[in-house]
Amino acid sequence: MSRLKQWWAERVPVDGEQLKALTNEPVPNHLKSWWFCLGGTPAYLFVVQIITGILLAFYYQAAPGAAYESVEYITNQVAFGWYIRSIHKWAATLMIAAVILHQIRVYFTGAYRRPREVNWVIGMGLLLVTLMIGFTGYCLVFEQLSFWGAQVGANIAEATPVIGGPIKHLILGGESYNERTLSRFYVMHAMILPGTLILLLVLHIALIRLHGVTEFQFGNEDPEKPQTFNFFPDHVLSELSLGLVLMVVLSALATLWPADMGLKADPLTTPDVIKPEWFFYVSFRWLKWFPLTGAVLSSGLIVFSMIVWPWIDSFLRRVTKIEEISVYIGIVATCLLIGLTVLEAVVAH
Amino acid sequence: MADEKQDQSQEESIDQPTAEQAPSSDAGRRDFIATGAMAAGLVGGYGMFGYISLRFLFPSTEGETALQFVMTTDRLKVGESAPFTAPDGSTMVIARNGEGETAEDFIALSSVCPHLGCQVHWVAKDEEFFCPCHNGAFNAKGEPTKGPPKYANQALTKFELEVVDGKLFVRVPLKSVREDERGMASRDAGQQRDNSRETRMA
């Protein structure tokens, strides 16, 4: 046994203690609160998505003549196909919800402020990539929503000044939705976007480790007690417990509300009532209110403002002398976000 | 004058390197050329590869179009209209708005909403084409009346028409995504539904 250990140590010259020292770092006490585990939640769900996504890829066929049938086959014929597909769908929903909640938490606690501005920008990249993965995902099923969603999405891209035309061409593989389009969405959904997400995630976590987790001072803390606890094993165990709970929640959701099959895409008929997934309700409503170019440019401006928010916030605080100005703006923005989402959810048109 | 002489002698000393300086200067030049050639090769090679990759993503086989016979012009009187389905499945409404025998006396309105590409349908009670995606609406002439198309003044697209010897032709795309579908049931159902849709133009 000792010879085996020696053999291994010669070839992989890192022992357990060194690994522990490398990965371990003190974690501020507030991370014991579940609310602060929202960053780990989407990362955990992303792993679930990779595993279930690989499983689904064994059967999925990315062509207009076969896509819907292959998803139907997964759902109705393959052993536990309905379960894997439902987990994939629900984990996507929860992942997007968790990313949004994580961002709201970071925003309201001001954790994006100097020197963590760059990590906020990377976080915005993660949010946008996650939304794009969600969008390309539901385009793959080749239901009515898939087809019309792709159509509308590509035309929104086209409305971007200067580069819009080539982008639409690149997304669709032609001037309009054609037999090459689905494979492009598949490549984006299963390779390009997840690859980008992994890169951004590595950068995001690296910067968190380099800066350390933002330390907050809460009024009810005992100053005599230690201010931090160990990442390993304490925080890792918290995240693992969370993972266990998430798996139970995902299984329950998948069983109670399994992913079903909508009507197959019909390029000749847009259904009388058609809506995107819930996370695009706000932009969907926005597009109804404003002319296309105005809606696209204003949406772009809002997203750009969100990306550079740490610097806007710093500027506003300097000019207005109001330290919590971001909190007031955040409350208005969150109310708008919820209000528009609810409005779109309750009306037919 | 004395200063000028001094400057001249300095320039000469720079122009004529000593025996020790020569090899290092040659080495520097060689390094520069080697680095430049390497950089140019890398940029050229990978640049070309990048260009080819990008070009690869833009397929060159664009959808072909062709003139398709619709009907003889005497079949349609002024103010009348008829639905028409192209070989690729795209639908349109063709109407006559003049007594003459030219293409300008006819109009072929696409059923694709110019806002974001959804399909409009005729709502008889409101006498309008309605787009369910973002609540756009158009009158019977295809002019925008409500929603985002109205704000941006986007009318329904008109297909190109030609009249030759009393025969009406429309220029239409030949192939669509539906050609690729193995299950033709939905297409057939769609065609039946579209053919049965009567649209009276104002």
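Here the residue numbers are simple positions, counted from 1 along each chain's written sequence. All chains are assigned letters beginning with A, and all ligands numbers beginning with 1, in the order in which they are written. Local features in this predicted model are restricted to residues of pLDDT 70 or higher, and side-chain atom pairs are both shown and tallied only at a pLDDT of 80 or more, whereas totals for entire chains, interfaces and linings draw on every residue.

### Let's talk about the overall build of chain B
Link 1 in the chain: Per the secondary structure count, chain B includes 4 helices and 10 strands.
Link 2 in the chain: Going from N to C terminus, chain B has its helices and strands arranged as α-α-β-β-β-β-β-β-β-β-α-β-β-α.
Link 3 in the chain: Three exposure classes are used, all based on how many other C-beta atoms lie within 10 Å of a residue's own C-beta (placed from the backbone): buried at 20 or more, exposed at 12 or fewer, and partly exposed between those limits. Within the span of chain B, comprising 202 residues, buried residues form 25% of the whole.
Link 4 in the chain: Residue pairs are scored as contacts if the distance between their C-beta atoms, which are placed from the backbone, is within 7 Å. Restricting to contacts in chain B with at least 6 residues of sequence separation, those with at least 24 account for 48%. Counting from the N terminus, the helices are DSSP H or I runs at least four residues long and the strands are E runs at least two residues long.

### Structural notes on the overall build of chain A
Link 1 in the chain: Along the backbone of chain A there are 14 helices and 2 strands.
Link 2 in the chain: Considered along the principal axes of its C-alpha atoms, chain A spans approximately 70 × 65 × 40 Å.
Link 3 in the chain: In chain A, buried positions account for 30% of the 349 residues.
Link 4 in the chain: The contacts in chain A between residues at least 6 apart in sequence include a share of 79% that link residues at least 24 apart.

### Details of the packing of helix α3 (residues 40-57) of chain A against helix α10 (residues 231-256) of chain A
All names here are of chain A.
Link 1 in the chain: With axes taken as lines fitted to C-alpha atoms, and helix axes fitted only over the stretch in contact, angles between N-to-C directions fall between 0 and 180 degrees. Contact geometry for α3 and α10: axes closest at 10 Å, N-to-C directions at 55°. When the axis of α3 is compared with that of α10, the two are oblique. Two packed elements cross with a definite hand, and for α3 against α10 that hand is right-handed. Here G40, T41, Y44 and L45 of α3 lie close against α10, whose contacting residues are E239, L242, G243 and L246. Here the angle decides the label: under 35 degrees means roughly parallel, over 145 means roughly antiparallel, 65 to 115 means roughly perpendicular, and every other value means oblique. The hand of a helix crossing depends on one turn: near helix anticlockwise from the far one by less than a right angle means left-handed, and clockwise means right-handed.

### Describing the sheet that holds strand β9 (residues 161-164) of chain B
All names here are of chain B.
Link 1 in the chain: Paired strands, in this sense, are two strands between which DSSP finds at least two bridges. Pairing is antiparallel in the open sheet, where 3 strands are placed in the order β1-β10-β9. If you trace the sheet from one side to the other, it starts and ends with β1 (65-72) and β9, each paired once. The sheet shows a mean angle of 30° between the axes of neighbouring strands, taken without regard to direction.
Link 2 in the chain: Bridge count between β1 and strand β10 (residues 167-173): 7 bridges; the pairing is antiparallel. When the sheet's bridge partners are listed, T72 is paired in β10 with K167.

### With respect to the environment of L193 of chain A
Residue and element names in this part refer to chain A.
Link 1 in the chain: One can find L193 in helix α9 (residues 181-211).
Link 2 in the chain: Overall, L193 belongs to the buried group, with 21 C-beta atoms counted inside 10 Å.
Link 3 in the chain: A C-alpha to C-alpha distance of 6.3 Å links L193 and I133, two positions 60 residues apart in sequence.
Link 4 in the chain: If we ignore the near neighbours within four places in the chain, the residues touching L193 are V129, M132, I133, T136 and M188.

### Some words on the sheet that holds strand β2 (residues 81-85) of chain B
All names here are of chain B.
Link 1 in the chain: Spatial strand order, β2-β3-β4: 3 strands in an open sheet with antiparallel pairing. Each having just a single partner strand, β2 and β4 (106-110) make up the two edges of the open sheet. Averaged over all neighbouring strand pairs, the angle between strand axes comes to 25°, with direction disregarded.
Link 2 in the chain: Here strand β3 (residues 91-96) runs beside β4; their pairing, made up of 5 bridges, is antiparallel. Paired with R96 across the bridge in β4 is F106.

### Topic: α3 of chain A
Residue and element names in this part refer to chain A.
Link 1 in the chain: Helix span is expected to be 1.5 Å times the residue number reduced by one. Its 18 residues place the ends of α3 26 Å apart at the C-alpha level, agreeing with the 26 Å of an ideal helix rising 1.5 Å per residue.
Link 2 in the chain: Listed in full, the buried residues belonging to α3 are T41, P42, Y44, L45, F46, V48, Q49, T52, G53 and L56.
Link 3 in the chain: The inward-facing, buried residues of α3 contact α4 (67-76), α5 (81-108), α9 and α10.

### Observations concerning the environment of A9 of chain A
Residue and element names in this part refer to chain A.
Link 1 in the chain: The topology assignment puts A9 in helix α1 (residues 2-11).
Link 2 in the chain: Assessed through the 11 C-beta atoms surrounding it within 10 Å, A9 is described here as exposed.
Link 3 in the chain: Along the chain, A9 and I84 lie 75 residues apart, while their C-alpha atoms are 40 Å from each other.

### Focus: the interface of chain A and chain B
Link 1 in the chain: Listed by partner, the interface residues are 35 residues for chain A and 29 residues for chain B.
Link 2 in the chain: If you list the elements that add at least two residues to the side of chain A that touches chain B, you get α7 (144-158), α8 (164-172), α11 (281-289) and α12 (292-307) of chain A.
Link 3 in the chain: Ranked by residue count, the leading element in the side of chain A that touches chain B is α7 of chain A, at 5 residues.
Link 4 in the chain: Under the scheme applied, nonpolar residues are Ala, Val, Leu, Ile, Met, Phe, Trp, Tyr, Cys and Pro; charged residues are Asp, Glu, Lys and Arg; polar residues are all the others, including Gly. The residue inventory of the side of chain A that touches chain B, partitioned by class, reads 17 nonpolar, 11 polar and 7 charged.

### What to know about the confidence of the model for chain B
Link 1 in the chain: What pLDDT reports is the predictor's confidence in each residue, on a scale of 0 through 100. The pLDDT averaged across chain B works out to 77; a share of 73% of its residues lies at or above 70.
Link 2 in the chain: Here residues 181-202 of chain B scores under 50 on pLDDT; set against residues more than four positions off or in separate chains, the count is 31 contacts.

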